[in-house]
Amino acid sequence: MGRAVGIDLGTTHSLVAWVDARNRPQVVEVDEGRPLLASAVHYPPGGAVEVGAAARRRAPEWPLDTVLSVKRLMGRGPTDLRPEDRGVARFDESGQVVRLVVAGGERAVTPVEVSAEILKVLKRRATEALGAPPGGCVITVPAYFDDAQRQATRDAGRLAGLEVLRLLNEPTAAALAYGLDHRREGTFAVYDLGGGTFDVSILRLEAGVFEVLATGGDTHLGGDDLDRVLAERLLATALDPPRPAPTPSLRRAVEASARRLREELSTEAVAEVDAGLPDGTRLRARVAREELEALLRPVIERTTGPCRGALADAGLDRVDGVVLVGGTTRTPLVRRHVRALFGQEPLTDLDPDAVVALGAAVQADALDRGGRDDLLLLDVTPLSLGVEMMGGVVEKIIHRNSTIPASATQQFTTYADGQTGMVIHVVQGERELARDGRSLARFTLRGIPPMPAGVARVEITYAVDADGILRVSARELGTGIEQAIQVKPTYGLGEDEVEAMLVESIEHAEQDVTERFVREWRVEGDRILAALASALELDGELLEPPERAAVGERAEGLRRAMEGDDFLAIKAWIESLDAASKPFAERRMDKHVRRAMAGHRVEEFAQGPRTTGAIDAGE
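As the structure is a computational prediction, the values presented were derived from the model and not from experiment.

(A) Local environment of the overall build of the protein. Regarding its fold elements, the protein presents 15 helices and 30 strands. Taking all 619 residues of the protein together, the buried fraction comes to 53%. In the protein, of all internal contacts separated by at least 6 residues, the share reaching a separation of at least 24 is 67%. Surface summary for the protein: the accessible area is close to 26500 Å², and the carbon and sulfur share equals 49%.

Put into structure tokens, the structure is as follows:
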């Protein structure tokens, strides 16, 4: 086996790189003598699969059999598809996994399979360049890819016959390449606007340590969106004759022309197109840079919120430098926007298309050789991970922007008497209620000894590995019974959900906290009323008639308060009921202590552990 390689599996282009004998990362020529492999796969009916530039050229003529921008579909389900996705592809939506119908309708392929075809070509070209198959690889992913999207990327690598050593966040890889190349130190923002995703990361580089302080982004924002905006304008104004309902073939052809116009306008003030299209239509347009920028500005402005949020999360108001990543950052408007946003000229001396692959190669080389003395990489998890509690509230166990690998453990207890099972519902997101987060997995810990509510102790551990993939385990401490799961949902966060989670957590913070308190106090009220009913059934004779009337009145007041949304009222009635029932509770304690101690000495009794949080019963 040869050296380990770094792979940038991109939306528009993909690259593979390796570290040479002089410890310098180099990209491999993979597609018609170029280092950029077009992330396009063509499935002809009854023919061999084509990958790269040749496949992309077939897109206008064979739009439904040519898959472009498959990265945007990784880890997603049918309900996550957008209208523009369906406009240029056929989908089999009968299951929980997205499948594209290709080869003239003869076969259906998943995004994982399509990505594997791209990776196979990169592997083959790397083998030719190195003289032996790669000994392993590091594949980069957007920082905001969730567990499902990361798992899908890892599965694509395995399907292509690659040993995936690590999944590495793209902005981190870029900082790795830049930092080692320039030996710079300080805090840096990595602004990564690729073909289909946007990421921003704030990193601290110091003495070979690369520490990610915060991340932000949008999993459905990139150059494809810029091209689509221009393509829609061209479809509406530049076709001869006009086509009010463009076919997939026509749409693909116009989007290709839009991409060429945008790229040309990165260096020219005016660009023109005059081309015949597959359906006999002619596309004629003359576009000035000012006109293009007016169209693109609203899309590019969508990167502002994640950038400011990442700076705030890192506790900074400025950085020492801004690194641009992704071919879309060559657009002059993007560079001006970054300059205004961060208050300084962005660093552009490394090729924005290649810098991610170069950084991945550095990390692959470090892993292949068992580490490097001059390199330590500390990445973070982008979203909080928690467990659903009674009442539907979320207890966060690993908070967003925690350095990974990360592990955290908390103890919980049972809610009901005799409970022998506990449902563990794993939730991702920043909101206070489980219904507002993303459900990742659900499993049941069985075999808990039947005990009174609140006595059992269950230890739940969340562990996020260096790839950002989560493993959850639950163990009942008394018996040692344990259940574990590697979180691998069928599909992941859709479109803008990840960024929306953070935005919504801020916008609804006060409302969420209030509702959380309401639910928590309702749960406490239910517990107290159930305990009171049980106590009255067992020891009701200890309560005098006036006391019983007072306790009953306050219990009824608590029930009425629990029907409303005023948690302070619920809390007040609980305190009132507690005061009214205190003499009864003391008499019960005296009775049961006398019974328990009969025939024993005080020294034989020891205080047991106390737990507070309760999770829903599973059985």
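(B) Layout of helix α6 (residues 223-237). The end-to-end C-alpha separation of α6 is 21 Å, in line with the 21 Å expected for 15 residues at 1.5 Å each. Every buried residue of α6 is listed here: Gly-223, Asp-224, Asp-225, Leu-226, Asp-227, Arg-228, Leu-230, Ala-231, Leu-234 and Leu-235.

(C) Expanded view of the nonpolar core. Residues Tyr-191, Ile-202, Leu-234, Val-254 and Phe-342 are the most contacted members of the largest nonpolar core, which totals 45 residues. Counting residues in each nonpolar core, the second largest holds 40 residues, with Leu-9, Val-70, Val-98 and Leu-119 among its members.

(D) Quick peek at the pattern of salt bridges. In total, this model carries 32 salt bridges according to the counting rule given. Note that Arg-58 is salt-bridged to Glu-50, the shortest N-O span being 2.4 Å. The shortest N-O distance in the salt bridge between Glu-556 and Arg-559 comes to 3.5 Å. One end of the pair is Glu-556 and the other is Arg-559, both in helix α14 (residues 545-562) and three residues apart, which spans about a single turn. Through salt bridges with shared partners, one network takes in Arg-72, Asp-224, Asp-225 and Arg-228.

(E) Focus on the sheet that holds strand β18 (residues 282-288). Strands sit in the order β16-β18-β17 across an open sheet of three strands; the sheet is antiparallel. Strand pairing shows two members of the sheet lacking a second neighbour, β16 (239-240) and β17 (270-276), which therefore form its edges. Of the strand pairs in this sheet, β16 and β18 are connected by two bridges, and their pairing is antiparallel. From the neighbouring strand, Leu-239 faces β18, where its bridge partner is Leu-283. Along the sheet, helix α7 (residues 248-264) makes contact with β16, β17 and β18, crossing β17 at roughly 155°.

(F) Seen up close, the environment of Thr-172. Note that Thr-172 resides in helix α5 (residues 170-182). The spacing of Thr-172 and Pro-142 is 30 residues in sequence and 9.5 Å in space, taken between C-alpha atoms.

(G) View of the packing of helix α9 (residues 304-314) against helix α10 (residues 332-342). Where α9 meets α10, the axes come as close as 11 Å, and the angle between the chain directions of the two elements is 35°. Crossing handedness for the pair α9 and α10: right-handed. For the pair formed by α9 and α10, the contact residues are Thr-304, Cys-307, Arg-308 and Leu-311 on the first element and His-337, Leu-341 and Phe-342 on the second. Of the residues contributing to the contact of α9 with α10, the split by class is four nonpolar, two polar and one charged.

(H) Representation of helix α3 (residues 111-130) in the model. Spanning 20 residues, α3 covers 28 Å between terminal C-alpha atoms, matching the ideal 28 Å at 1.5 Å per step. Every buried residue belonging to α3 is among Pro-111, Val-114, Ser-115, Ala-116, Glu-117, Ile-118, Leu-119, Val-121, Leu-122 and Ala-126, and all of these are buried.

(I) Here's a closer look at the packing of α6 against helix α8 (residues 289-301). Where α6 meets α8, the closest approach of the two axes is 9 Å, and the angle between their N-to-C directions is 135°. Here α8 runs oblique to α6, going by the angle between their axes. Viewed along their axes, α6 and α8 form a crossing whose handedness is right-handed. Mapping the contact onto sequence places Asp-225, Leu-226, Val-229, Leu-230 and Arg-233 in α6 and Glu-291, Leu-292, Leu-295, Leu-296, Val-299 and Ile-300 in α8. When grouped by side-chain class, the residues that make up the contact of α6 with α8 number eight nonpolar, no polar and three charged.

(J) The environment of Gly-429, seen in detail. Locating Gly-429 in the fold gives a position in the loop between β25 (421-428) and β26 (438-446). Exposure remark for Gly-429: the relative accessible area of 8% places this residue in the buried category. In the structure, Gly-429 is positioned 35 residues away from Val-394 in sequence and 9.4 Å away in space, judged by C-alpha atoms.

(K) Unusual backbone geometry, seen in detail. Look at the link from Asp-240 to Pro-241: it is a cis peptide, with omega at -5°. When you line up the elements, Pro-241 lands in the loop between β16 and α7. The residue Asn-23 is not glycine, and still its phi comes out positive at about 65°. Topologically, Asn-23 is positioned in the loop between β2 (13-19) and β3 (25-27). The class for Asn-23 is partly exposed, based on a relative accessible area of 40%.

(L) Examining the side chain of Asp-192 more closely. One can find Asp-192 in strand β13 (residues 186-193). Buried and unpaired, Asp-192 has Lys-71 as its nearest opposite-charge partner, separated by 7.0 Å. Excluding its chain neighbours within four sequence positions, the residues that come into contact with Asp-192 are Glu-170, Pro-171, Thr-197, Phe-198, Asp-199, Val-325, Gly-326 and Val-356.

(M) Quick look at the sheet that holds strand β9 (residues 99-102). Taken in spatial order, the three strands make up an open sheet running β8-β9-β10, and their pairing is antiparallel. Two strands in the sheet have a free side with no partner beyond their single neighbour: β8 (91-92) and β10 (107-109). Alignment of β9 against β10, held across three bridges, turns out to be antiparallel. Note on β10: the bridge partner recorded for Val-102 is Arg-107. Packed onto the sheet, α3 meets β9 and β10 and runs at close to 80° relative to β10.

(N) Up close: the pairing of strand β19 (residues 321-325). Where burial is concerned, most of β19 is hidden: five out of the five residues are buried. Residues Gly-321, Val-323 and Val-325 of β19 are buried on one face, and the alternating residues Val-322 and Leu-324, pointing to the opposite face, are buried as well. Sheet analysis places β13 next to β19, joined by five bridges and oriented parallel. What sits directly across from Val-190, in β19, is Val-323.

What counts, and where the lines are drawn
Along each chain, residues carry numbers from 1 onward, in the same order as the chain's sequence is written. Selection of residues for local features in this predicted model requires a pLDDT of at least 70, selection of side-chain atom pairs for listing and counting requires 80 or more, and totals for whole chains, interfaces and linings are taken over all residues. As a convention, hydrogens and water are excluded, and side-chain values are obtained from all of the structure's heavy atoms. Helix and strand assignments come from DSSP, with helices taken as H or I runs of at least 4 residues and strands as E runs of at least 2, each series counted from the N terminus. Categorising residues by exposure relies on relative accessible area from a 1.4 Å probe, with only protein chains included: less than 20% of the type maximum marks a residue as buried, more than 50% marks it as exposed, and the intermediate range marks it as partly exposed. Whether two residues touch is decided by their heavy atoms; if any such pair falls within 4.5 Å, the residues are in contact. Note on areas: Shrake-Rupley, 1.4 Å probe, and residue coverage restricted to the protein chains presented here. Expected helix span is computed as 1.5 Å times (number of residues minus one). Buried Ala, Val, Leu, Ile, Met, Phe, Trp, Tyr and Cys residues form a nonpolar core when they are joined through side-chain atoms within 4.5 Å. Any Lys or Arg side-chain nitrogen located within 4 Å of an Asp or Glu carboxyl oxygen qualifies as a salt bridge. Here a strand pair is declared whenever DSSP counts at least two bridges between the two strands. To get an axis, a line is fitted to the C-alpha atoms, and for a helix only the part in contact is used. The angle between two axes follows their N-to-C directions and goes from 0 to 180 degrees. For any helix crossing, the convention is left-handed if the near helix is rotated counterclockwise from the far helix by under a right angle, and right-handed if that rotation is clockwise. Under this grouping Gly is polar, as are all residues other than the nonpolar Ala, Val, Leu, Ile, Met, Phe, Trp, Tyr, Cys and Pro and the charged Asp, Glu, Lys and Arg. Angle categories: roughly parallel below 35 degrees, roughly antiparallel above 145, roughly perpendicular from 65 to 115, and oblique for all the rest. Counted as positive: Lys and Arg. Counted as negative: Asp and Glu. His and the chain ends are not counted at all.

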